[in-house]
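Working through the structure, step by step
Residues per chain, in single letters:
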Amino acid sequence: MAKTRSDSPEEMVQKLLAGDRRAAARTITLMENQSEKNNQVMKLVYPHAGKSMVIGLTGSGGSGKSSLINHLIRRYRDQGKRVGVVAVDPSSPFSGGALLGDRIRFQAHSMDDGVYIRSMGSRGYLGGLARSTSDVVRIMEAMGNDVVIVETLGAGQDEVDIIHVAQTCVLVLTPNMGDDIQAMKAGIMEIADIIVLNKADLDGAILCLRSLEATIQFAISQREDGWVSPLISTVASAAKTEDLQGINELMKTIRDHQEYLHESRAIDEVQAKRIEQELGLVFKDEVQKFIFKGLKGTGKKRQYIKAIFEGRTDPYSVVEEVLSTFLKVGAKVNETSGSKKHI
Ligand SMILES: Nc1nc2c(ncn2[C@@H]2O[C@H](COP(=O)(O)OP(=O)(O)O)[C@@H](O)[C@H]2O)c(=O)[nH]1
Ligand SMILES: [Mg+2]
């Protein structure tokens, strides 16, 4: 069988902008495979991104994020909106990692052209998961999705970084998990625009709501923007549809927060923060790539490792030394060649 010619970055992005889902899938895979073409593709994607509403849902595994997202997708589809979902969780039913029953609930969306779901799995990404997720969200924006929903586990720094791509951050907690304390530690409480107590059907939900109210008061007082994060209780999964709770309220609260962002112009700052983070992630990644490329074939990397191993130096001193050398050389290169896109 003849091997088909692989598309150029221009061709791929053109197809993706026209809504070609296979082109989108290929583009994202390219990124996951740490291809050299990645930056070229992202440069072409970027001018078309940034027009979507980006919502983040974060919380522990099993708190009900995917179940809530499932309802949100349906509601937004009913409004005729195109929806993209990025699930940064290998156990997500979106990635087929969950129980069969859960997987079936999500399958309806896979037949719908207006829904594009991508899970980020657990493989190692060059530049880290935060950068890859940020790039995938940009791709989903460029595809013309009105809403992009990001699901992440609310655990470590990587997740806090990821949630910064969202304009509206929803923290999902459950009764009897001690989540409130964990969330406070991770600093997620302060950045949560909406706090959801899911599984409100479980015992202890009312008690948990009370104790959460106090915690939220404190978190709100730490915020500078004046938004008072509402607390909503929900039931995202129940045997009977009429036992579901709080989904409409969650939809309305997301809309309220979006309206607040746009009316107060706080949206500009949210977008600027996202760009600042994006810039940081790309810098970190590219500087490392640049340095390692420069060291390649010189045998220096091995020497450094050996020296650190033998206790003659440490990673901090090595990085300092290498950076100062490279930045001097890099500055000279820039003086002569200049950049293609002037600011
Ligand atoms: N009792 C109860 N179970 C729920 C609720 N929401 C989700 N679940 C169940 O909790 C489990 C984990 O839900 P999932 O949405 O996959 O959580 P995620 O890991 O945060 O995405 C699933 O078995 C759901 O059916 C709820 O409101 N009440
Ligand atoms: Mg999930």
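Everything below is about the structure printed above this text.
Residues numbered from 1 in each chain as written. Chains lettered and ligands numbered in written order. Predicted model: local features only at pLDDT ≥ 70, side-chain atom pairs only at ≥ 80, totals over all residues.

1. Structural notes on the sheet that holds strand β1 (residues 53–59)
Within the open sheet, the seven strands sit side by side as β3-β2-β4-β1-β5-β6-β7. Their pairing is parallel. Across the chains shown, the open sheet's two edge strands, defined by having one partner strand only, are β3 (115–119) and β7 (231–233). In this sheet, neighbouring strand axes are inclined to one another by 20 degrees on average, regardless of whether the strands run parallel or antiparallel. Of the pairings in the sheet, the one linking strand β5 (residues 168–173) to strand β6 (residues 194–197) comprises four bridges and is parallel in character. The residue of β6 that forms the bridge with Val172 is Val196. Taken strand by strand, helix α10 (residues 205–221) contacts β5, β6 and β7, and its axis lies near 160 degrees from that of β6. Along the sheet, helix α11 (residues 247–263) contacts β1, β5, β6 and β7; its crossing angle with β6, the most-contacted strand, is approximately 170 degrees. (Pairing = 2+ DSSP bridges. Helix = DSSP H or I, 4+ residues; strand = E, 2+ residues; numbered from the N terminus. Axes fitted to C-alpha atoms, helices over the stretch in contact; angles between N-to-C directions. Contact = placed C-beta atoms within 7 Å.)

2. What to know about helix α13 (residues 300–309)
Little of α13 is tucked away, with zero of its 10 residues classed as buried. Where α13 terminates, the next one or two residues include Gly311, which has phi positive at roughly 80 degrees. (Buried ≥ 20, exposed ≤ 12 C-beta atoms within 10 Å, placed from the backbone.)

3. Re the pairing of β1
With respect to burial, β1 is a largely interior element, seven of its seven residues being buried. The alternating pattern of β1 places Met53, Ile55, Leu57 and Gly59 on one face and Val54, Gly56 and Thr58 on the opposite face, and all of these are buried. The pairing of β1 with strand β4 (residues 147–153) spans seven bridges and is classified as parallel. Within β4, the residue paired with Leu57 across the bridge is Glu151. Relative to β5, β1 is paired through five bridges, and the arrangement is parallel. Opposite Leu57, over in β5, you have Val170 as the bridge partner.

4. With respect to the environment of Gly246
With respect to the element layout, Gly246 can be found in the loop between β7 and α11. Overall, Gly246 belongs to the partly exposed group, with 19 C-beta atoms counted inside 10 Å. For the pair Gly246 and Thr234, spaced 12 residues apart in sequence, the C-alpha to C-alpha distance is 4.5 Å. Apart from the residues lying within four places of it in its own chain, the contact partners of Gly246 are Ala200, Ile232, Ser233, Thr234 and Val235.

5. Here's the deal with the nonpolar core
Of all hydrophobic cores here, the largest spans 62 residues; its most connected members are Val86, Ile149, Val150, Leu171 and Val196. Looking at which element gives the most residues to this core, the answer is helix α6 (residues 128–142), with six residues. (Core = buried A, V, L, I, M, F, W, Y, C linked by C-beta atoms within 7 Å.)

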